[in-house]
Amino acid sequence: MIRCEWAREGIEALRPHVSVFVIVDVLSFSTAVDIAVGRGALIYPFPLGDHEAARIAAEKVGAVAAAPKRAAGGQFSLSPASLRDLNPGDRLLLPSPNGSRLSLACGETPVLAGCLRNARAVAAKAWDLAGQGDIGLVPAGERWPGDTLRPAIEDLIGAGAIIDALGGEMTTEARVARDAWRSARPDLDTVIRDCLSGRELIERGFEIDVDLALDHEASAIAPMLRDGAYVTS
C-alpha cells in the first residue's frame with residue numbers, strides 16, 4: 001500500500017504502518033540532496049537553528065556546515081545551485097527548517113529523499129526497501145509563523161510524481177497527490193514557478209534553484225539516509 005500524509009504530523013501517523021519513508025521537499029531540500037549526492041557527497045541533515053549541536057556533529061563526522069540560509073558567491077547552502085561544485089567524499093551538514101527535521105524524525109525506518117528530478121529512481125528504491133510493506137510519502141510543506149502546517153503544492157506534486165512512478169494500491173490521500181501531479185504535468189513549469197514558494201525564490205534571485213527543481217527525471221539517484229547521512233543507495 002502507498003500512503004501519503006503531510007509533514008511531521010504525517011510521519012507520526014504513518015510510522016506504525018510503513019516500511020520506508022520518502023521525504024519530499026521540492027523547493028529545495030530534496031532537490032539539494034539529490035544534486036549533492038549525485039556528486040558523490042555525503043549530506044547530513046540538521047535542524048535549522050541548533051548551533052551547538054551542529055558544532056558537535058560537525059566535529060564528530062568531519063563535516064563542513066552549510067550556510068543556514070541560501071547564499072550567493074560560492075558558499076554552500078540550501079540553494080541546490082550552490083552544491084553543484086561538491087566533490088566525491090565531501091561531507092556537508094545541511095540545515096533546513098523542513099526537510100532536515102523530517103528526515104531526522106523517522107526513527108529507525110529507512111528514509112529516502114525524493115523530488116521531481118529523481119521520482120522514478122526513488123520509486124524503484126522504495127519498492128526494494130519496502131518488500132511486502134507499505135511506503136509512506138511525506139510532502140514536507142512549510143510552517144506558518146505559529147508553527148502550523150502550510151501545505152506547499154510543489155511538494156504535493158512531487159510526491160504525486162513518485163506515487164505515479166510507484167503504481168500499485170494506494171490510499172485516497174496518495175491518489176489525490178498522484179492526480180495533482182497528472183494535472184500539473186502538462187504545465188509543470190508555470191505551476192511551480194507561480195506557486196508561493198516558487199515566486200518567493202524567484203523574487204529573492206534564486207530562479208536557478210527553481211530551474212534545477214523542475215528538471216524532471218534528470219537524476220537516477222535515490223538518496224538514502226544511512227548512519228546520519230544521505231548517500232547513494
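The present account deals with the structure reproduced in this document. (Residues numbered from 1 in each chain as written. Predicted model: local features only at pLDDT ≥ 70, side-chain atom pairs only at ≥ 80, totals over all residues. Heavy atoms only, no water.)

### A word on the overall build of the protein
Moving on, step 1. Looking only at helices and strands, the protein features 10 helices and 11 strands.
Moving on, step 2. Relative to its length of 233 residues, the protein is compact, with a C-alpha radius of gyration of 16 Å against a globular reference of 17 Å.
Moving on, step 3. Taken along its principal axes, the extent of the C-alpha atoms in the protein is 45 × 40 × 35 Å.
Moving on, step 4. A buried classification covers 52% of the 233 residues belonging to the protein.
Moving on, step 5. In the protein, the proportion of contacts linking residues at least 24 apart, taken out of those at least 6 apart, comes to 76%.
Moving on, step 6. Within the structure as shown, the protein displays about 10000 Å² of accessible surface, and the carbon and sulfur contribution to it stands at 50%. (Helix = DSSP H or I, 4+ residues; strand = E, 2+ residues; numbered from the N terminus. Rg over C-alpha atoms; globule rule 2.2 N^0.38 Å. Buried < 20%, exposed > 50% of the residue type's maximum accessible area, 1.4 Å probe, protein only. Contact = heavy atoms within 4.5 Å. Areas by Shrake-Rupley, 256 points an atom, 1.4 Å probe, with all protein chains shown as cover.)

### So, the layout of surface pockets
Which parts of space are left empty comes out when a probe the size of a water molecule is rolled across the atoms.
Moving on, step 1. Space inside the largest pocket adds up to approximately 440 Å³.
Moving on, step 2. For the largest pocket, the lining is made up of 21 residues, of which Arg70, Leu78, Pro97, Glu142 and Arg204 are closest to its centre.
Moving on, step 3. The set of elements that each furnish at least two residues to the lining of the largest pocket consists of strand S8 (142-143) and helix H9 (196-203).
Moving on, step 4. Top element by residues in the lining of the largest pocket is H9. It accounts for three residues.
Moving on, step 5. Classifying every residue of the lining of the largest pocket by side-chain character gives nine nonpolar, four polar and eight charged. (1 Å grid on protein atoms, 1.4 Å probe; cavity = no way out; pocket = protein on both sides within 12 Å on 5 of 7 lines; lining within 4 Å. Points joined across faces, edges and corners; volume = space filled by probe spheres on them. Nonpolar A, V, L, I, M, F, W, Y, C, P; charged D, E, K, R; others polar.)

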